[in-house]
Amino acid sequence: MRGVSWNDLAQENFEAASLLRERKLWRPCVSRAYYAAYAEVTGRLVELGLTPREHMGTWSHDAIPDMIRWHLMKSSRAAAENMAIGMTRLYALRVIADYDPLWAVGDRESYTAMGLMNQVFRMR
């Protein structure tokens, strides 16, 4: 059985987030939006020849903003910083959506998550 590429994973999660938002399934929408952006960034880092943690095959969620700052968008420090901040915000939303049932997650949070996800995809 053949696996999928990071780009495939990013696209699948992008589409899932969009469908979940249409169905007003806010929490899973936010979660999938984060993982779409995470897979997109991971794919770009791998394309640059960088190697993630051997035992996991990925970078830690906490490491992603700095990986963006150091390795992506080298021609524009401001763009790299914006993407890194966006990923930090998106991760915080994902943690709330996945682990904090008492926190209200609704249309506004899913809208924000989708916007941050789209920002990552546009900054190729």
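Parameters at a glance
- Residues numbered from 1 in each chain as written.
- Predicted model: local features only at pLDDT ≥ 70, side-chain atom pairs only at ≥ 80, totals over all residues.
- Heavy atoms only, no water.
- Salt bridge = Lys/Arg side-chain N within 4 Å of Asp/Glu carboxyl O.
- Helix = DSSP H or I, 4+ residues; strand = E, 2+ residues; numbered from the N terminus.
- Buried < 20%, exposed > 50% of the residue type's maximum accessible area, 1.4 Å probe, protein only.
- Contact = heavy atoms within 4.5 Å.
- Arc of directions from axis to C-beta.
- Axes fitted to C-alpha atoms, helices over the stretch in contact; angles between N-to-C directions.
- Left-handed = near helix turned anticlockwise from the far one by under 90°.
- Nonpolar A, V, L, I, M, F, W, Y, C, P; charged D, E, K, R; others polar.
- Lys, Arg positive; Asp, Glu negative; His and termini not counted.
- Core = buried A, V, L, I, M, F, W, Y, C linked by side-chain atoms within 4.5 Å.

(A) Structural context of the pattern of salt bridges. With the rule as written, the count across this model stands at five salt bridges. Where D107 meets R21, a salt bridge forms, and the shortest distance between an N and an O atom there is 2.7 Å. Of this pair, D107 sits in helix α5 (residues 107-122) while R21 sits in helix α1 (residues 6-22), and the two are 86 residues apart along the sequence. Taking the relative accessible area as the measure of exposure, R21 reaches 22% and is therefore partly exposed.

(B) Quick look at the side chain of T42. Turning to its location among the elements, T42 is positioned in helix α2 (residues 26-47). For T42, the residues in contact, after removing those within four places along its chain, are W6, W59 and I64.

(C) Layout of helix α3 (residues 64-71). Listed as buried for α3 are I64, P65, M67 and I68. When α3 is viewed along its axis, its buried side chains cluster within an angular range of 165 degrees and face the same direction. Residues of α3 that are buried in the fold lie against α2 and α4 (77-99). Taken from the residues just after α3, M73 is the one with a positive phi, measuring 55 degrees.

(D) View of the packing of α2 against α4. Where α2 contacts α4, the axes come no closer than 8 Å and their chain directions differ by 140 degrees. Pair α2 / α4 crosses with left-handed handedness. Residues R27, V30, S31, A33, Y34, Y35, A37, Y38, V41 and R44 of α2 lie in contact with α4, whose contacting residues are M83, M87, L90, Y91, L93, R94, I96, A97 and D98. In the contact of α2 with α4, the residues fall into 14 nonpolar, one polar and four charged.

(E) Representation of unusual backbone geometry. Positive phi, normally seen in glycine, also occurs at K24, with a value near 65 degrees. Among the structural elements, K24 can be located in the loop between α1 and α2. The class for K24 is exposed, based on a relative accessible area of 56%.

(F) Inspection of the side chain of E109 at higher detail. By secondary structure assignment, the location of E109 is in helix α5. Here E109 sits buried without a salt bridge, and the closest side chain of opposite charge, R108, lies 4.3 Å off (N-O distance).

(G) Main features of the nonpolar core. Counting residues in each nonpolar core, the largest one holds 33 residues, and the members touching the most others are V41, I64, I68, M87, L90 and M117. Look past the residues within four positions of V41 in its chain and what remains in contact with it is I64, I68, L72, M83, M87 and V120.

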